[in-house]
Amino acid sequence: MSIDLDGMEPLYLQVAGVLTARIVDGVYPVGRRIPAVRAVADEFKVSVNTAEAAIRLLREQGLVRGVHGRGTFVIAKPLDVGEKDG
């Protein structure tokens, strides 16, 4: 999956979408660390701020959690998020 640098959708949403798809597909399974912000920025050729915003969105959605000094880890798949509440 790639992002459209000239598209109408904000870049951080596109990057978050690709990362979410990787979580769903098992590329980043629950318990695994996702790439660091700098690596995400380099891969998608976006700014560090854009990569940070994408990862922040995943945190807000309850998909990942940052562990100080260790990185950001997948804690749930998108379908799992709603199941914990009900």
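Small disclaimer: the values here were computed from a predicted structure and weren't measured. (Residues numbered from 1 in each chain as written. Predicted model: local features only at pLDDT ≥ 70, side-chain atom pairs only at ≥ 80, totals over all residues. Heavy atoms only, no water.)

**Q** Before we go on, may I ask you to explain the packing of helix α2 (residues 37–44) against helix α3 (residues 48–60) in this structure?
**A** Each pair of packed helices can be summarised by the angle the axes make with each other and by the distance between the axes. One way to put it is that α2 packs onto α3 with a least axis distance of 8 Å and a crossing angle of 115°. If you check the angle between α2 and α3, you find them roughly perpendicular. Considering only the axes of α2 and α3, their crossing is right-handed. The segment α2 lies against α3, with Val37, Arg38, Val40 and Ala41 engaging Val48, Ala51, Glu52 and Ile55. In terms of residue class, the contact of α2 with α3 is made up of 6 nonpolar, no polar and 2 charged. (Axes fitted to C-alpha atoms, helices over the stretch in contact; angles between N-to-C directions. Helix = DSSP H or I, 4+ residues; strand = E, 2+ residues; numbered from the N terminus. Parallel < 35°, antiparallel > 145°, perpendicular 65-115°, else oblique. Left-handed = near helix turned anticlockwise from the far one by under 90°. Contact = heavy atoms within 4.5 Å. Nonpolar A, V, L, I, M, F, W, Y, C, P; charged D, E, K, R; others polar.)

**Q** In this structure, what is going on with helix α1 (residues 11–25)? I would like to understand it.
**A** Side chains three or four residues apart in an α-helix point the same way, a direct result of the helix having 3.6 residues per turn. The end-to-end C-alpha distance of α1 is 21 Å, a good match for the 21 Å that 15 residues give at a rise of 1.5 Å each. Of the residues trailing α1, Gly26 is marked for its positive phi of about 85°. (Expected span 1.5 Å × (residues − 1).)

**Q** What is the right way to look at the packing of α1 against α2 in this model?
**A** For the pair α1 and α2, the least separation of the axes is 11 Å and the interaxial angle reads 110°. One way to sum up the angle between α1 and α2 is to call them roughly perpendicular. Of the residues in α2, those in contact with Val15, Val18, Leu19 and Arg22 of α1 are Val40, Glu43 and Phe44. Of the residues that constitute the contact of α1 with α2, the class distribution is 5 nonpolar, no polar and 2 charged.

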